[in-house]
Structures are given as structure tokens and as C-alpha cells.
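One letter stands for each residue in the lines below.
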Amino acid sequence: MNRTKGDEEEYWNSSKFKAFTFDDEDDELSQLKESKRAVNSLRDFVDDDDDDDLERVSWSGEPVGSRTRPGSFQSLSDALSDTPAKSYAPELGRPKGEYRDYSNDWSPSDTVRRLRKGKVLIFLKRTLSKEILFRELEVRQVALRHLIHFLKEIGDQKLLLDLFRFLDRTEELALSHYREHLNIQDPDKRKEFLKTCVGLPFSAEDSAHIQDHYTLLERQIIIEANDRHLESAGQTEIFRKHPRKASILNMPLVTTLFYSCFYHYTEAEGTFSSPVNLKKTFKIPDKQYVLTALAARAKLRAWNDVDALFTTKNWLGYTKKRAPIGFHRVVEILHKNNAPVQILQEYVNLVEDVDTKLNLATKFKCHDVVIDTYRDLKDRQQLLAYRSKVDKGSAEEEKIDALLSSSQIRWKN
């Protein structure tokens, strides 16, 4: 992107320019290593103590690398609702935030000094050959970092790459090259470009991210072509009942998994669009997989699939319910997808903590769970108080009355 002289002057006079502040936290490579919201970065969602992070997934139709990012990830509590949600950058590196305004901390003399230095850099950039400019900046680290920041801001990718080559800063060179994929709209061309990034000199961890990004896009191209054909043919029930909102191309991995669980849940593991295939290929943790599959199947009201998701069988053939995300989370998601009371009650009963169970049962009007819990606790006063919350003449009221008059229960109060 070319800037005019006026644009450059405006850049240096802007009060929001982050002048001479080069903290480690703003380093692009640090951002790359820290960012776990890239195409293969699910562990932040499942290892973080904040359970809300687990819910950032939906298929909103916003592609990877979008500069507007109106909704790449969305709360499962609003799963597939049409309400906008806070967005998170799906590409490598954290989303570029607002620059801190340091002008308020500058004295008039500081401001003049900083603006002069900025204008000197522009003058040098315009008048010196690259080799001389780079050589002079190499021994002036503050000015060098300032120029790098400026080049990134104005999008002078060519000069930035030349500078990194001269400095032999291979990882930054590789990252800058990788970021060029954001400017490639054609999915096949973007895929081929990403393939050229796979062998670049990243760290082992970062190389794995790049490889997964390439593999994911390659997979998405195949899925998109097949699903577009199925949808246009009009012979597949799931596409007739639930037309796709957008292309799957360039979606983040978690969004792709949701899409797969929604449209291709029963497919054999050997197919590219199979959720199990995606889980194994990209090493998706159990928590994230279960959470995403639950959101997709609950949205479709496929209660048998939900039940199977949490049913495990041991080597003796006995079955039990297990939820790596916690049954309290399961209940919340099922309720927000309008699950019947009978379904909700089954999962509320599986919540181990008594207080949490009572709170959920009361909140979602699972009366039988509340009544049975107070009976088991032998808490007559709480049961009596709850009697006023059920409908007059209802089966729940009759059940409470029968318990209160029973001589078989030794109440504790």
C-alpha cells in the first residue's frame, strides 16, 4: 500500500501513534507464540480456568483473516442465534488493538522531539538507498524499531521484508511473509501460498500452526465443493431444512468443527468432513470437541445424539454418564436450545454439587428434581417453602403434600 507525503505527515502527527514504545508484549513473534486462537489453537479454550472461554464458537460466516471480524467466535450460550458477539482474531497473532495514546503524557518539548525524530525517518526513507538506510539504522535500535512499526502500519510489506532480510531476522521475515495470505482472496491461491510458508524458518510450535492452517484450508476447499453440490441438488435433508448461512472457506478450526457436527455428524471417520476425523487430525481436546458437538446437536434438537455424547461403557458393559465440561454446563446449553423439561431434569440430576443442582433446578423449573433433593436432604422447611412455587392442584403440589404427610421420612427440621 502506497502512502502519499501527506499521509506520512499525518501518521507522524497523529496523537495515537505509539511512538518509541517497544515493549516485549507488542512483539509480533511473541504475539504469534502466545496466540491460541489461531486455526490450531484450542487449548486456551479448554485449559483456562475461565469456563466462558469454552463457549467461543459458532458458524457466523466470518472468514479467517477478516479485518472487520464482526463475529468469528460466538458464545455457545447464544449458539447460532443471530445476535452479534464479541469477536476474536482467528489468524496467527493477536488482533491489533487500539494504540495507546501517549500524547497526554508528553510535555510540549517531548512532543516536538518525537515528531522531529519521526520526520527525520521519513526523510531518510525518501532520500537514502535501502542499503545505506538499513546500515545506519542497524546501529540505532530505537530508530530501527520505530521504522519497523511505521512500515507495518502503512503496509509497506516489500521494504519491511527487505529490512528483515538485511538484519537476518528470519522468524520475523517468515511471519511477515505469512501475513501476506490475508491479502489473497482466492481460496486455491491462498492454499498454495500457505504451502510456501510451511518450510519457512519458524519455531517448531509456530511451524505446526502454519501446517495446520494449510491443512485446514485444504480440507475446507474439499468440503465446500461437496456441500455446495449437495445443497444445489436439493436431495439432502439437512441442507433443505437448514440452508447454509455462508461458505465454510477460511473459517477457524473450531467453527469448522461446529459446521461438521451440524451437517456431517454421522459420517464415517474416513471422510474429510467427519467430526471425528477433524478431532484426530487437529488433536482437538475432548472438552472442546464435546462442547462443540453438544452445541450443534442441541441446536438441531437431536436429543439422542446428545445422550450418546455423554454415555460411556466400561469393559463389563455397564454404562454411565460422563461430561468432561461438567453437567452444569450441559444443562445451561440445553436450556438455551429449548430442550424439553424431561431432558433438562435428567441432566440436572447428574450435577453432583447439591447447591448447584438446586439452583439449576429452581431456575429452569425442574420441580421433580427440587422436590426429590429436599426429600433426600430431609429438609421439611425448604420443601414446605417450595410448595408455594408450584401450581395449585398440580401433580407437583400433590407430590409435596404426600411427602410432608409421610411417616416414613425422619425430617431434620
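Residues numbered from 1 in each chain as written. Predicted model: local features only at pLDDT ≥ 70, side-chain atom pairs only at ≥ 80, totals over all residues. Heavy atoms only, no water.

If you had to explain the packing of helix α16 (residues 327-336) against helix α17 (residues 341-348) to someone new, which residues and values would you point to?
Direction vectors running N to C along α16 and α17 enclose 170°, while the axes themselves pass 9 Å from each other. By the criterion of interaxial angle, the relationship of α16 to α17 is roughly antiparallel. Contacts between α16 and α17 involve Phe 327, Val 330, Val 331, Leu 334 and His 335 on the former and, on the latter, Ile 343, Leu 344, Tyr 347 and Val 348. Split into classes, the residues belonging to the contact of α16 with α17 amount to 8 nonpolar, 1 polar and no charged. (Axes fitted to C-alpha atoms, helices over the stretch in contact; angles between N-to-C directions. Helix = DSSP H or I, 4+ residues; strand = E, 2+ residues; numbered from the N terminus. Parallel < 35°, antiparallel > 145°, perpendicular 65-115°, else oblique. Contact = heavy atoms within 4.5 Å. Nonpolar A, V, L, I, M, F, W, Y, C, P; charged D, E, K, R; others polar.)

Please give an account of the pattern of salt bridges that cites residues and values.
For the coordinates displayed, the defined rule picks out 17 salt bridges. Residue Glu 192 is joined to Lys 191 by a salt bridge in which the shortest nitrogen-to-oxygen separation is 3.7 Å. For Glu 192, a relative accessible area of 42% corresponds to the partly exposed category. Judged by its relative accessible area of 16%, Lys 191 falls in the buried class. Note that Lys 280 is salt-bridged to Glu 269, the shortest N-O span being 2.9 Å. Of this pair, Lys 280 sits in helix α13 (residues 275-281) while Glu 269 is found in the loop between α12 (253-263) and α13, placing the two residues 11 residues apart along the sequence. A relative accessible area of 54% means that Lys 280 is categorised as exposed. According to the relative accessible area criterion, Glu 269 is partly exposed, its value standing at 39%. If you follow the salt bridges from partner to partner, you end up with Asp 368, Asp 372, Arg 375, Asp 376 and Lys 399 in one network. (Salt bridge = Lys/Arg side-chain N within 4 Å of Asp/Glu carboxyl O. Buried < 20%, exposed > 50% of the residue type's maximum accessible area, 1.4 Å probe, protein only.)

Please give an account of a nonpolar patch on the surface that cites residues and values.
A surface patch of nonpolar side chains, amounting to about 490 Å² of accessible area, comprises Trp 315, Leu 316 and Tyr 318. Mapped onto the elements, Leu 316 comes out in the loop between β1 (311-313) and β2 (319-321). (Patch = residues over 30% accessible without salt bridge, like charges linked within 9 Å, V, L, I, M, F, W, Y side chains within 5 Å. Areas by Shrake-Rupley, 256 points an atom, 1.4 Å probe, with all protein chains shown as cover.)

Break down the packing of aromatic side chains for me, with residues and values.
Inspection of every chain in the model, using the stated rule, returns 7 aromatic pairs. Relative to Phe 262, the ring of Phe 258 lies with its centre 6.2 Å away and its plane at 20°, an arrangement referred to as stacked. Residue Phe 258 and its partner Phe 262 are located together in helix α12, separated by 4 residues, close to a single helical turn. The exposure class assigned to Phe 262 is buried, which follows from its relative accessible area of 8%. Look at Phe 262 and Tyr 263: their rings are 4.9 Å apart centre to centre, the planes differ by 65°, and that puts the pair in the edge-to-face class. The pair formed by Phe 262 and Tyr 263 is uniform in burial state, with each residue classed as buried. Of the aromatic side chains, those joined through ring pairs into one cluster are Phe 239, Phe 258, Tyr 259, Phe 262 and Tyr 263. In this arrangement the basic side chain of Lys 279 is found over the ring face of Tyr 289, its NZ or CZ atom lying 5.8 Å from the centre. (Phe/Tyr/Trp six-rings, centres within 6.5 Å; stacked < 30°, edge-to-face > 60°. Lys NZ or Arg CZ within 6 Å of the ring centre and 35° of its normal.)

An account of the side chain of Glu 224 is requested, with residue identities and associated values reported.
Along the polypeptide, Glu 224 turns up in helix α10 (residues 204-233). What makes Glu 224 buried here is its relative accessible area of 4%. Within the structure, Glu 224 has its side chain in polar contact with the side chain of Arg 244 (distance 2.8 Å). (Polar contact = N/O pair within 3.5 Å; in protein donor to acceptor, adjacent residues only side chain to side chain.)

Hey, could you go over helix α18 (residues 354-363) for me, with residue numbers and the actual values?
Those residues of α18 that fall on the buried side of the exposure criterion are Lys 357, Leu 358, Leu 360 and Ala 361. Down the axis of α18, the smallest arc covering the buried residues is 165°, so these residues share one side. Among the exposed residues of α18, those pointing more than 90 degrees away from its buried face are Asp 355, Asn 359 and Lys 363. One or two steps after α18, the chain reaches Lys 365, where phi turns positive at roughly 55°. (Arc of directions from axis to C-beta.)

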